[in-house]
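Observations on the three-dimensional arrangement
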Amino acid sequence: MAGRSYSTRLIAAVLGASLALSACGGSSEPETLRSVGAGSSQAEADLAKQAAALQKTILQGAIAGGVAGGAIGFGLGGSDDVGTGVALGLGAGALAGTYVAYVQRSYAGRERRLRQIKSDLDRNAAEMQTTLNVMNEVLVAQKAELDALNARAAAGTVDQAELQRELTEANGNLKQMELAIDGATRRQAEFAEARSLTIKRRQTTSPIDGDLQALSNQISQMRGIASDLASSL
């Protein structure tokens, strides 16, 4: 189950081994989930950055990037200050507060709006793919570490402190994955709302329907990775 702080199997193995070897006094309290610690791998640090980036809405991404001319710039740095974004050239459209209102105010006509939304979807898809790659990398490494810890727990060579460190790390990575999924899902809702701006009169389909389906598939993959990690805890 996602979000739990301990691995029942690992704790049972460690406690069993401890009782077989010697009586141990005291018990450790669960540590708070951390974002990224000093001992984190590069992949874990990248995961935290990607999760933070996806927490920005599409419009916040544009404002943070300070990109003039209306291009949405997703990135890991920058300020979320709306005033700063407007000052850097996003214009009155940024004051609308939502992505769909921003596109409506900034672009006249369906074709211009369609081009911009499609461009933003392409940028978002690239950001999502980067996140998926990092999530997969973290998953593979984390499962290998948990498997090794499991084997050592069965042999009675893991102490509570080492167990706690590894589980805290794993749960921290799972939390970052969940944050990334949350951000991606909110962006999906923003693009779905903007879909109405791309539909011709008396038509029900949109040229971006394929892009929206691809985004849905990426989110499903992200959920699968997080579920895989959660099942290992």
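1. Structural notes on the overall build of the chain
Scanning the chain from N- to C-terminus turns up 8 helices and 0 strands. For the chain, the succession of helices and strands along the chain, N to C, is α-α-α-α-α-α-α-α. Expressed as a percentage of the 233 residues in the chain, the buried residues total 41%. When contacts within the chain are restricted to residue pairs at least 6 apart in sequence, those whose partners lie at least 24 apart make up 74%. Of the roughly 11,400 Å² of accessible surface on the chain, 53% is carried by carbon and sulfur atoms.

2. Quick notes on the packing of helix α5 (residues 99-106) against helix α6 (residues 110-155)
At a minimum axis distance of 9 Å, the contact between α5 and α6 shows a crossing angle of 140 degrees. Compared by their axis directions, α5 and α6 come out oblique. Our pair here, α5 against α6, has a crossing hand that is right-handed. Here α5 contributes Tyr-99, Val-103, Gln-104 and Ser-106 to the contact with α6, which in turn contributes Arg-112, Arg-113, Gln-116, Ile-117 and Asp-120. Each residue belonging to the contact of α5 with α6 can be placed in one class, and the counts come to 3 nonpolar, 3 polar and 3 charged.

3. A few points about the nonpolar core
With 44 residues, the main nonpolar core has Tyr-99, Val-103, Ile-117, Met-128, Met-177, Phe-191 and Met-222 as its most contacted residues. Taken together, the elements giving at least two residues each to this core come down to α2 (42-55), α3 (58-65), α5, α6, α7 (160-194) and α8 (209-231). Residue contributions to this core peak at 11 residues, all from α6. If sequence neighbours within four positions are ignored, Met-222 has contacts with Leu-54, Met-128, Thr-131, Leu-132, Met-135, Ala-180, Ile-181 and Ala-184.

4. With respect to the pattern of salt bridges
Considering all chains together, one arrives at 8 salt bridges under this definition. Asp-122 is paired through a salt bridge with Lys-118; the nearest N and O atoms lie 2.9 Å apart. Here Asp-122 and its partner Lys-118 are both found in helix α6, 4 residues apart, which amounts to about one turn of the helix. Between Asp-120 and Arg-123 there is a salt bridge whose closest N-O contact spans 4.0 Å. Taken as a pair, Asp-120 and Arg-123 lie in helix α6 at a separation of 3 residues, close to a single helical turn. The exposure class of Arg-123 is partly exposed, given its relative accessible area of 34%.

5. Structural notes on the environment of Leu-163
Mapping Leu-163 onto the fold places it in helix α7. For Leu-163, a relative accessible area of 3% gives the class buried. Along the primary structure Leu-163 and Leu-149 are separated by 14 residues, whereas in three dimensions their C-alpha atoms are 7.6 Å apart.

6. With respect to the packing of α2 against α6
A packed helix pair is summarised by two numbers, namely the angle formed by the two axes and the spacing between the axes. Running from N to C, α2 and α6 cross one another at 145 degrees; their axes reach a closest spacing of 9 Å. Relative to α6, the crossing made by α2 is left-handed. Of α6, the residues touching α2 (which contributes Ala-43, Glu-44, Asp-46, Leu-47, Gln-50, Ala-53 and Leu-54) are Glu-127, Met-128, Thr-130, Thr-131, Val-134, Met-135, Glu-137, Val-138 and Gln-142. In the contact of α2 with α6, the residues fall into 8 nonpolar, 4 polar and 4 charged.

Each value, and the rule that gives it
Residues numbered from 1 in each chain as written. Predicted model: local features only at pLDDT ≥ 70, side-chain atom pairs only at ≥ 80, totals over all residues. Heavy atoms only, no water. Helix = DSSP H or I, 4+ residues; strand = E, 2+ residues; numbered from the N terminus. Buried < 20%, exposed > 50% of the residue type's maximum accessible area, 1.4 Å probe, protein only. Contact = heavy atoms within 4.5 Å. Areas by Shrake-Rupley, 256 points an atom, 1.4 Å probe, with all protein chains shown as cover. Axes fitted to C-alpha atoms, helices over the stretch in contact; angles between N-to-C directions. Parallel < 35°, antiparallel > 145°, perpendicular 65-115°, else oblique. Left-handed = near helix turned anticlockwise from the far one by under 90°. Nonpolar A, V, L, I, M, F, W, Y, C, P; charged D, E, K, R; others polar. Core = buried A, V, L, I, M, F, W, Y, C linked by side-chain atoms within 4.5 Å. Salt bridge = Lys/Arg side-chain N within 4 Å of Asp/Glu carboxyl O.

Taken by themselves, the reported measurements are silent on function.
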